Amino acid sequence: MESVVFIFSLIDCCALIFLSVYFIITLSDLECDYINARSCCSKLNKWVVPEVIGHAVVTVLMLISLHWFIFLLNLPIATWNIYRFIMVPSGNMGVFDPTEIHNRGQLKSHMKEAMIKLGFHLLCFFMYLYSSTSAAFNKPVG
C-alpha cells in the first residue's frame, strides 16, 4: 500500500512539474511580449485550480498515510496555493489578472513563485521516487 501512495504521489508530482514549467514558459512569453496579458492570464488561470487540487491531494494523502515529514514539507506550499486562490480580489479575472500583472513587479513575483515551485516539485519528485522504490523493495516476502 505504501508503494502505491508514493507512485501516485510521483505521478501527481510529474503533473505539477509540467504545470510549473508551463507557468514559467507562459510568463516568459508575456515578459518578452510574445503574447498579450489577457491571453497569458486566461491560459494560466485555467490551471490554477488543478494545481491547487493536485497539491492538496498529495498533502492529504501523506497525512492519511502517516508520512509526517513529507506532509509537513508539503503543507506550506499547499497552504500558500489555497490562500492565493481564496484571496483573489473581487473583480479580478483570477490569480493572474491582466490589469495588474505588469503593476508593482507582479510579473517578476509570479515568475519567482513558479521557479520556487519548480524547484520544490523536483525535490519532491526525487523524494517520492526514492520512497516508492524503497517501499517496493523492502516488502516482506510471503
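None of the values given here were measured: they were computed from a predicted structure.

Draft legend 1. Spatial organisation of the environment of Val52. Mapped onto the fold, Val52 is located in helix α3 (residues 48-64). Residues Val52 and Tyr83, spaced 31 residues apart in sequence, show a C-alpha to C-alpha distance of 9.9 Å. Not counting chain neighbours up to four residues away, the residues in contact with Val52 comprise Asn81, Ile82 and Phe85.

Draft legend 2. Structural context of the nonpolar core. Formed by 35 residues in total, the largest nonpolar core has its most connected members in Leu27, Leu30, Met62, Phe96, Ile101 and Tyr128. The set of elements that each furnish at least two residues to this core consists of α1 (2-31), α2 (37-46), α3, α4 (68-86) and α5 (106-137). At 11 residues, the largest contribution of residues to this core is made by α1. Sequence-distant contacts of Leu27, that is, excluding residues within four places in its chain, are made with Cys40, Leu44, Ile101, Leu107, His110 and Met111.

Draft legend 3. Structural detail: the pattern of salt bridges. Enumeration over the complete set of coordinates arrives at 5 salt bridges. With a shortest N-O distance of 2.6 Å, Lys108 and Glu31 are connected by a salt bridge. With a gap of 77 residues between them, Lys108 in helix α5 and Glu31 in helix α1 connect regions that are remote in the sequence. We classify Lys108 as exposed; its relative accessible area is 53%. Two residues, Lys117 and Glu113, come together in a salt bridge whose shortest N-O distance is 3.2 Å. With Lys117 and Glu113 both in helix α5 and 4 residues apart, the pair spans about one turn of that helix. When its relative accessible area of 15% is taken as the criterion, Glu113 is described as buried. It is possible to trace a salt-bridge network through shared partners that takes in Glu51, Arg84, Glu113 and Lys117.

Draft legend 4. Structural view of the packing of aromatic side chains. Enumeration according to the criterion identifies 5 aromatic pairs in this entry. Aromatic pair Phe6 and Tyr128: ring centres 6.5 Å apart, planes at 40 degrees, arrangement tilted. Here the residue Phe6 occupies a position in helix α1, and Tyr128 occupies one in helix α5, the gap between them amounting to 122 residues. For the pair formed by Phe6 and Tyr128, the shared burial category is buried.

Rules used in this analysis
- Residues numbered from 1 in each chain as written.
- Predicted model: local features only at pLDDT ≥ 70, side-chain atom pairs only at ≥ 80, totals over all residues.
- Heavy atoms only, no water.
- Helix = DSSP H or I, 4+ residues; strand = E, 2+ residues; numbered from the N terminus.
- Contact = heavy atoms within 4.5 Å.
- Core = buried A, V, L, I, M, F, W, Y, C linked by side-chain atoms within 4.5 Å.
- Buried < 20%, exposed > 50% of the residue type's maximum accessible area, 1.4 Å probe, protein only.
- Salt bridge = Lys/Arg side-chain N within 4 Å of Asp/Glu carboxyl O.
- Phe/Tyr/Trp six-rings, centres within 6.5 Å; stacked < 30°, edge-to-face > 60°.

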